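Chain by chain, the residues:
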Amino acid sequence: GSEELLEEVEEEMETLGMQLNINITINEIDRFDGCRSNITKIPSHSGNPNLTISIEWPETNIGERATVNCPCGNVTSEEGSLIATRYCAGDFTNGGQWETPNAAACNFSDLAREICQLAELETEARVQQLD
C-alpha cells in the first residue's frame, strides 16, 4: 500500500541524492545596491581600550550619505548635535563600498569619554563609580 510506495520513493530520492551529490552552501551575501552595516572604532588618545568609541553605520543605499549621532547620549555643541557621516559609493556591478568616515566630531578627549561612560550608567552605579 501507501507505506510501500513511500518507502520506494524515499529509496529513490536517496539514490538520486547520492548520484547528484548536491552540496549547496552560502557563505555571505553582499548588498549590490548599497553598503552593509559596519562599525568604525575610534581608539582613545591614551590607548586605553576601555575608552574606545564605536560608531555604528546602518545599511545605506549607493549614492547616499549615512548620518549618525556621536556615541555619548545626545551631546550637542553650539553648532547643534555632534554627528558623524559616511558616504556609500560604488555601483550596481561591483556593489556598495563605504568611503572613509567623517567622524572627527566624535573623537572626544579621554576625560569626555569617561564622563560619557559614567552618564550611561544607572544612578546607583554612577554613585558607586564615584567612590
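**A word on the overall build of the chain**
Here comes step 1: In terms of helices and strands, the chain carries three helices and nine strands.
Here comes step 2: Reading the chain from its N end, one meets helices and strands in the order α-β-β-β-β-β-β-β-β-β-α-α.
Here comes step 3: Buried residues in the chain amount to 23% of all 131 residues.
Here comes step 4: If you take every contact in the chain between residues at least 6 apart in sequence, the share linking residues at least 24 apart comes to 48%.

**Quick look at helix α2 (residues 110-119)**
Count 3.6 residues to each turn of an α-helix, and residues three or four apart come out pointing the same way.
Here comes step 1: For α2, the set of buried residues is Asp 110, Arg 113 and Cys 116. Considered in projection along α2, the buried side chains sweep an arc of 115 degrees and stay on one side of the axis. In α2, the exposed positions that point more than 90 degrees away from the buried face belong to Leu 111 and Ile 115.
Here comes step 2: Where α2 is buried, its residues touch β2 (38-42) and β3 (53-57).

**What to know about the pairing of strand β5 (residues 65-69)**
Here comes step 1: Alternating positions in β5 separate cleanly, Ala 66 and Val 68 being buried on one face and Arg 65, Thr 67 and Asn 69 remaining unburied on the opposite face.
Here comes step 2: Here β5 runs beside strand β8 (residues 83-91); their pairing, made up of five bridges, is antiparallel. Each bridged residue has a counterpart across the sheet, and for Ala 66 the counterpart in β8 is Arg 86.

**A few points about a nonpolar patch on the surface**
Here comes step 1: A cluster of nonpolar side chains, Leu 5, Val 9 and Met 13, forms an exposed patch at the surface whose accessible area comes to about 310 Å².
Here comes step 2: Summarising the element assignment, Met 13 is placed in helix α1 (residues 2-20).

**Some remarks on the side chain of Thr 40**
Here comes step 1: Topologically, Thr 40 is positioned in strand β2.
Here comes step 2: Residue Thr 40 is classed as buried on the basis of its relative accessible area, which comes to 15%.
Here comes step 3: A distance of 2.7 Å separates the side chain of Thr 40 from the side chain of Trp 57, its partner in a polar contact.
Here comes step 4: Setting aside residues up to four positions removed in sequence, Thr 40 forms contacts with Ile 53, Ser 54, Ile 55, Trp 57, Arg 86 and Pro 101.

**Points about the layout of surface pockets**
Here comes step 1: Taken as a whole, the largest pocket spans an internal volume of roughly 160 Å³.
Here comes step 2: The wall of the largest pocket is formed by Leu 51, Thr 52, Ile 53, Ser 54, Pro 71, Cys 72, Phe 108, Arg 113, Cys 116, Gln 117 and Glu 120.
Here comes step 3: Sort the elements by how many residues they give to the lining of the largest pocket and α2 lands first, with three residues.
Here comes step 4: Grouping the constituent residues of the lining of the largest pocket by class yields six nonpolar, three polar and two charged.

**Regarding the confidence of the model for the chain**
Here comes step 1: Put simply, the chain has an average pLDDT of 82, and 76% of its residues get 70 or more.
Here comes step 2: Put simply, strand β6 (residues 76-77) is where the chain has its lowest mean pLDDT, 56, and β5 is where it has its highest, 95.

**A word on the state of the cysteines**
Here comes step 1: Tallying each qualifying case throughout the model produces two disulfides.
Here comes step 2: Two residues share a disulfide in this structure: Cys 35 and Cys 88, whose sulfurs sit 2.2 Å from each other. One quick way to see it: the torsion about the S-S bond of Cys 35 and Cys 88 is about 95 degrees, and its sign makes the bridge right-handed. Here Cys 35 is found in strand β1 (residues 34-35), whereas its partner Cys 88 is found in strand β8, with 53 residues between them in sequence. The same class applies to Cys 35 and to Cys 88, which are both buried.
Here comes step 3: Linked covalently through their sulfurs, Cys 70 and Cys 106 form a disulfide whose S-S length is 1.9 Å. Between Cys 70 and Cys 106 the disulfide shows an S-S torsion of about -80 degrees. By sign, it is left-handed.

What counts and how
- Residues numbered from 1 in each chain as written.
- Predicted model: local features only at pLDDT ≥ 70, side-chain atom pairs only at ≥ 80, totals over all residues.
- Heavy atoms only, no water.
- Helix = DSSP H or I, 4+ residues; strand = E, 2+ residues; numbered from the N terminus.
- Buried < 20%, exposed > 50% of the residue type's maximum accessible area, 1.4 Å probe, protein only.
- Contact = heavy atoms within 4.5 Å.
- Arc of directions from axis to C-beta.
- Pairing = 2+ DSSP bridges.
- Patch = residues over 30% accessible without salt bridge, like charges linked within 9 Å, V, L, I, M, F, W, Y side chains within 5 Å.
- Areas by Shrake-Rupley, 256 points an atom, 1.4 Å probe, with all protein chains shown as cover.
- Salt bridge = Lys/Arg side-chain N within 4 Å of Asp/Glu carboxyl O.
- Polar contact = N/O pair within 3.5 Å; in protein donor to acceptor, adjacent residues only side chain to side chain.
- 1 Å grid on protein atoms, 1.4 Å probe; cavity = no way out; pocket = protein on both sides within 12 Å on 5 of 7 lines; lining within 4 Å.
- Points joined across faces, edges and corners; volume = space filled by probe spheres on them.
- Nonpolar A, V, L, I, M, F, W, Y, C, P; charged D, E, K, R; others polar.
- pLDDT = per-residue confidence, 0-100.
- Disulfide = S-S within 2.5 Å.

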